[in-house]
Amino acid sequence: MSDCLFCRIVGKEIQAKIVYEDDHTLAFDDINPQAPVHVLVIPKRHLSSVQEMSAHDQSLLAHVFLASTKVATQKGLDAAGYRLVTNTGRDGGQTVFHMHVHILGGRHMSWPPG
Ligand code: 5GP
Ligand code: ZN
């Protein structure tokens, strides 16, 4: 059994509200939503952060972002817009070390972030 929380969600050992799945990515609702829509999109393969990705992962990285736009469209966010966030490492505020993209939408996002 993996000790990575998101790998365990991929393995269906931990339940999540899955909103999209394909061969390479999984998307599920964040357990602690920060906006009316808050979905996490992850590669199924374990990579600790985007910083760990290399040219070898180029197509997977593109796939995760394109899956994010598909989910955003599915959630009806395409016209009003939304925010994609990839917290990376300690100063980036990353708390789960399996690369993920947050999709935040359904309200206006302020800038700069905290
Ligand atoms: P990070 O802080 O690493 O960018 O984002 C991790 C996200 O994972 C947080 O927004 C947090 O709410 C979410 N999260 C943590 N544990 C779980 C869980 O067990 N299930 C789901 N669906 N989300 C989780
Ligand atoms: Zn993992």
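Parameters and conventions
Within each chain, residues carry numbers counting from 1 in the order of the written sequence. Chains carry letters and ligands carry numbers; both start at the beginning, A for chains and 1 for ligands, and go up in the order they are written. For this predicted model, a pLDDT threshold of at least 70 governs which residues receive local features, and a threshold of 80 or more governs which side-chain atom pairs are given and counted, while totals over whole chains, interfaces and linings are taken from all residues. Remark: hydrogens and water are excluded; side-chain values derive from all non-hydrogen atoms of the structure. Helix and strand assignments come from DSSP, with helices taken as H or I runs of at least 4 residues and strands as E runs of at least 2, each series counted from the N terminus. Buried residues are those whose accessible area, probed at 1.4 Å on protein chains only, stays under 20% of the maximum for their type, while exposed residues exceed 50% and partly exposed ones sit between those limits. In this description, contact between two residues means that some pair of their heavy atoms is separated by no more than 4.5 Å. Per-residue accessibility takes into account occlusion by the displayed protein chains alone, with areas from the Shrake-Rupley method and a 1.4 Å probe. Positive charges are assigned to Lys and Arg, negative charges to Asp and Glu, while His and the chain termini are left out of the count. Where a charge lies is defined by one atom per residue type, namely NZ (Lys), CZ (Arg), CG (Asp) and CD (Glu). A strand pair is defined by DSSP finding two or more bridges across the two strands. Angular values range over 0 to 180 degrees, each being the angle between N-to-C directions of two axes fitted as lines to C-alpha atoms, with helices fitted over their stretch in contact.

Q: For this particular structure, what's the right way to read the overall build of the chain?
A: Counting its regular elements, the chain contains two helices and five strands. For the chain, the N- to C-terminal ordering of α and β elements is α-β-β-β-α-β-β. Considered along the principal axes of its C-alpha atoms, the chain spans approximately 40 × 30 × 25 Å. A buried classification covers 39% of the 114 residues belonging to the chain. Long-range pairs, those at least 24 residues apart, make up 51% of the contacts in the chain between residues at least 6 apart in sequence. Summed over all atoms, the accessible surface of the chain reaches about 6900 Å², with 53% contributed by carbon and sulfur. The averaged location of the 11 negative side-chain charges in the chain is 5 Å from the averaged location of its 10 positive side-chain charges.

Q: What is the right way to read the sheet that holds strand 5 (residues 101–105) from this model?
A: Either a parallel or an antiparallel arrangement is found when strands of a sheet pair, and the pairing is made through backbone hydrogen bonds. The sheet built from five strands is open, its strands ordered 1-2-3-5-4 with antiparallel pairing. Here the strands that pair on one side only, and so sit at the sheet edges, are strand 1 (18–21) and strand 4 (82–85). For this sheet, the mean inter-axis angle between neighbouring strands, taken without regard to orientation, is 20°. Most of the contacts of helix 2 (residues 58–74) go to strand 3 (residues 37–43), to which it runs at about 155°, and overall it touches strand 1, strand 2 (25–29), strand 3, strand 4 and strand 5.

Q: What should I look at first to understand the pairing of strand 3 in this one?
A: Across a regular strand the side chains alternate sides, sitting on one face of the sheet and then on the other. In terms of residue burial, strand 3 counts as a mostly covered element, since seven of its seven residues are buried. Neither face of strand 3 is open: one carries Val37, Val39, Val41 and Pro43, the other His38, Leu40 and Ile42, and all of them are buried. Sheet topology note: the strand 2/strand 3 ladder contains five bridges and is antiparallel. Paired with Asp29 across the bridge in strand 3 is Val39. Note: strand 3 against strand 5, five bridges, orientation antiparallel.

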